[in-house]
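# A look at the structure
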Amino acid sequence: MRVFLTGSTGSIGSAVLPELLAGGHQVLALARSDAAEEKLRSLGVDVLRGSIEDLETLKRGARESDGVIHCAFSHDFSDLAASLEKERVIVEAFGAALEGTSRPFIFTTGTLLVSNIGKVATEEDLVPETDSLLSMRGTNEKVAIALALRGVRSSVIRIATTVHGKGDQAFIPMLIDVARKKGVSAYIGDGTNRWPSAHRLDIARLYRLVLEKGRAGAIYHGVCDNLTQTREIAEAIGKQLNIPVVSKSQAEAAEHFGFMAMPMGLDNPVSSKKTQEELGWYPAQPHLLVDIANSYF
């Protein structure tokens, strides 16, 4: 299958790309710079120059491929609402290009969308409708799912709160950076709130399986079976940096963590039981706490 992949040099996409190639698929990768294009071509993939804001380029990539995996996201946290609105427009553009083709379209969100819902979230749980930015992204998720009604084999992968391993560019490196700058590794309150996790290589395999076998309109969860308390994460980072591990109150969290205060304060118990059973996807890579010691320092 020829697959149009966005975000191919990012934390998730850079793991998905070699998994697709190893699985016998061809890749058409979106690249917005000369450096990215050179790197991608060296891996033996075709390149389409442009950005995720160039809707006509995105439509062209979709039309020239047998399926689309959308991993890219505009990480402008200074105006996250604007980034989420752009994401909705992008999903609709892909839908217009793929309508009536029955081709796969995989949209990426995160399990944080189903945080603090009072139970272990499953693939059947939709994002609660509130006035929060999480709900706004949940709307984008619903837009992607609804493409199934227009003849697109659209699926959503909610990736774990932290997708770890070499090449991680997200929450664990951010927490390590905060700990280094502050001289302490912190958690909020008693630190018993839980994060799901998954290794980048396990997540990459999940994308390939959803591409090959995913159901139209389905949501899949990319999480391993073990939840980790945020206090345990702080302790693992503190041990590697040889610095104190401390608790911060909710009032202190914003000043200490910055943007990371929001995810650090959420309880996000999530199950991937249905995903594992349907696709035969079983995480096999090291657990988060083991990986923090082995892959980040």
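One numbering rule holds for all chains: residues counted from 1, following each sequence as written. At least 70 in pLDDT is required for a residue's local features to be given in this predicted model, at least 80 for side-chain atom pairs to be given and counted, and no such filter applies to totals for whole chains, interfaces and linings, which use all residues. To get the side-chain values, all heavy atoms of the structure are used, and hydrogens and water are removed first.

An unreviewed UniProt entry lists the chain under the name NAD-dependent epimerase/dehydratase domain-containing protein, with Gymnopilus dilepis given as the organism.

### So, the domain arrangement of the chain
Domain start and end points were adopted from an automatic or database domain assignment. By the assigned domains, the chain splits into domain 1 (2-162 + 197-225 + 271-279) and domain 2 (169-195 + 227-268 + 287-294). Taken together, the contacts link 16 residues of domain 1 with 14 residues of domain 2. Each of two parts loses accessible area, computed with a 1.4 Å probe, when they are put together; buried area is these two losses added. Across the domain 1 to domain 2 interface the summed buried area is about 1,300 Å²; carbon plus sulfur atoms make up 59%. Any carboxyl oxygen of Asp or Glu within 4 Å of a side-chain nitrogen of Lys or Arg constitutes a salt bridge here. At the surface where domain 1 touches domain 2, the tally comes to 0 salt bridges. Residues adjacent in sequence count toward polar contacts only when both atoms are side-chain atoms; beyond that, a polar contact is any pair of N or O atoms within 3.5 Å, and within protein one must be able to donate a hydrogen and the other to accept it. For the pair domain 1 and domain 2, the interface holds 5 residue pairs in polar contact (both at pLDDT 80 or more). Taken together, the residues of the side of domain 1 that touches domain 2 sort by class into 5 nonpolar, 10 polar and 1 charged. Here, two residues are considered to be in contact whenever any of their heavy atoms come within 4.5 Å of each other. The residue classification treats Ala, Val, Leu, Ile, Met, Phe, Trp, Tyr, Cys and Pro as nonpolar and Asp, Glu, Lys and Arg as charged. All others, Gly included, are polar.

### A short note on the environment of G24
Counting from the N terminus, the helices are the DSSP runs of H or I reaching at least four residues and the strands are the DSSP runs of E reaching at least two. Tracing the sequence through the fold places G24 in the loop between α1 (13-22) and β2 (26-31). Each residue gets one of three labels from its accessible area relative to the maximum for its type: buried under 20%, exposed over 50%, partly exposed in between, using a 1.4 Å probe on protein chains only. Residue classification places G24 among the exposed residues on the basis of a relative accessible area of 57%. Each C-alpha atom, one on G24 and one on M1, is 7.8 Å from the other, the two residues being 23 residues apart in sequence.

### What about helix α6 (residues 171-182)?
With 12 residues, α6 ought to run about 16 Å at 1.5 Å a step, and its terminal C-alpha atoms sit 16 Å apart, in line with that. Along α6, the residues classified as buried are F171, I172, L175, I176, V178 and A179. Down the axis of α6, the sector holding all buried residues measures 160°, keeping them to one side. Counted as exposed and oriented over 90 degrees from the buried face of α6: R180 and K181. Just downstream of α6, G183 is the residue with a positive phi angle, here 80°. By this rule, a helix spans an expected 1.5 Å times one less than how many residues it contains. When we speak of the arc, we mean the arc of directions from the helix axis to the C-beta atoms.

### Focus: the pairing of strand β3 (residues 46-49)
We call two strands paired when DSSP finds no fewer than two bridges between them. As paired strands, β2 and β3 are joined by 4 bridges and run parallel to one another. Opposite A29, over in β3, you have V47 as the bridge partner. Orienting the strands away from the viewer, one traces the path from the first strand over the helix to the second; a clockwise path indicates a right-handed crossover. Read as a crossover between parallel neighbours, the route from β2 over helix α2 (residues 34-42) to β3 is right-handed.

### Regarding unusual backbone geometry
Of note, the phi angle at S102 is positive, near 65°, even though the residue is not glycine. Along the polypeptide, S102 turns up in the loop between α4 (80-98) and β5 (104-110). The exposure class assigned to S102 is exposed, which follows from its relative accessible area of 55%. With a phi angle near 60°, N242 is a residue other than glycine that sits in the positive phi range. Looking at the element boundaries, N242 is found in the loop between α8 (230-241) and β13 (245-248).

### Notes on the pairing of β5
With 7 of 7 residues buried, β5 is to be regarded as a mostly interior element. Along β5, one buried face is formed by P104, I106, T108 and G110 and the opposite face, lined by F105, F107 and T109, is buried too. Relative to β5, strand β4 (residues 67-70) runs parallel, the two being bridged by 3 bridges. Considered in β5, the bridge of H70 is made with F107. The pairing of β5 with strand β6 (residues 153-159) spans 7 bridges and is parallel. Each residue of the ladder has a partner; that of T109, found in β6, is R158.

### Describing the nonpolar core
Soluble globular proteins tend to bury their nonpolar side chains together. In this structure, I12, V16, I69 and Y207 are the most contacted members of the largest nonpolar core, which totals 37 residues. For this core, the secondary-structure elements that each account for two or more residues are β1 (2-6), α1, β2, α2, β6, α7 (200-213) and β11 (218-222). Considering each element in turn, this core owes the most residues, 7 residues, to α7. Setting aside its immediate chain neighbours within four residues, I69 contacts V3, F4, L5, T6, V16, L20, I106, Y207 and L211. The term nonpolar core refers to a set of buried residues drawn from Ala, Val, Leu, Ile, Met, Phe, Trp, Tyr and Cys, joined through side-chain atoms within 4.5 Å. Among the nonpolar cores identified, the runner-up in size contains 26 residues, and A179, W195, F257 and Y296 belong to it.

### A closer look at the sheet that holds β5
Strands sit in the order β3-β2-β1-β4-β5-β6-β11 across an open sheet of 7 strands; the sheet is parallel. At either end of the open sheet lies a strand with only one pairing partner, and these are β3 and β11. Between one strand and the next, the sheet's axes are offset by a mean angle of 20°, whatever the strand orientation. Each axis is a line fitted through C-alpha atoms, and for a helix only the stretch in contact is used; angles between axes span 0 to 180 degrees, taken between their N-to-C directions. Across the sheet, α4 is in contact with β1, β4 and β5; its angle to β5 comes to roughly 165°. Here α7 sits on the sheet and contacts β1, β4, β5, β6 and β11; the angle it forms with β6, its principal contact strand, is near 165°.

### Remarks on the packing of aromatic side chains
Two rings belonging to Phe, Tyr or Trp (six-membered ring only in the last case) form a pair when the distance between their centres is within 6.5 Å. Interplanar angles under 30 degrees mark stacking, angles over 60 mark edge-to-face geometry, and anything in between is tilted. The full count for this structure, using the stated rule, is 4 aromatic pairs. Here the aromatic rings of F171 and W195 are separated by 5.8 Å at their centres, their planes lie at 40°, and the arrangement is tilted. Separated by 24 residues along the polypeptide, F171 in helix α6 and W195 in strand β9 (residues 194-195) bring together distant segments of the chain. A relative accessible area of 13% places F171 in the buried class. Ring centres 6.4 Å apart and planes at 55° place the aromatic pair F171 and F259 in the tilted group. Note that F171 is positioned in helix α6 and F259 in the loop between α9 (250-257) and α10 (261-264), a separation of 88 residues in sequence. Its relative accessible area of 34% is what places F259 among the partly exposed residues. Site record: aromatic cluster; members linked through ring pairs are F4, F94 and F105. Counted as over-ring charges are cases with an Arg CZ or a Lys NZ within 6 Å of the ring centre that also lie within 35 degrees of the ring normal. When the ring centre of F73 is taken as reference, the NZ or CZ atom of R137 above it lies at 4.5 Å.

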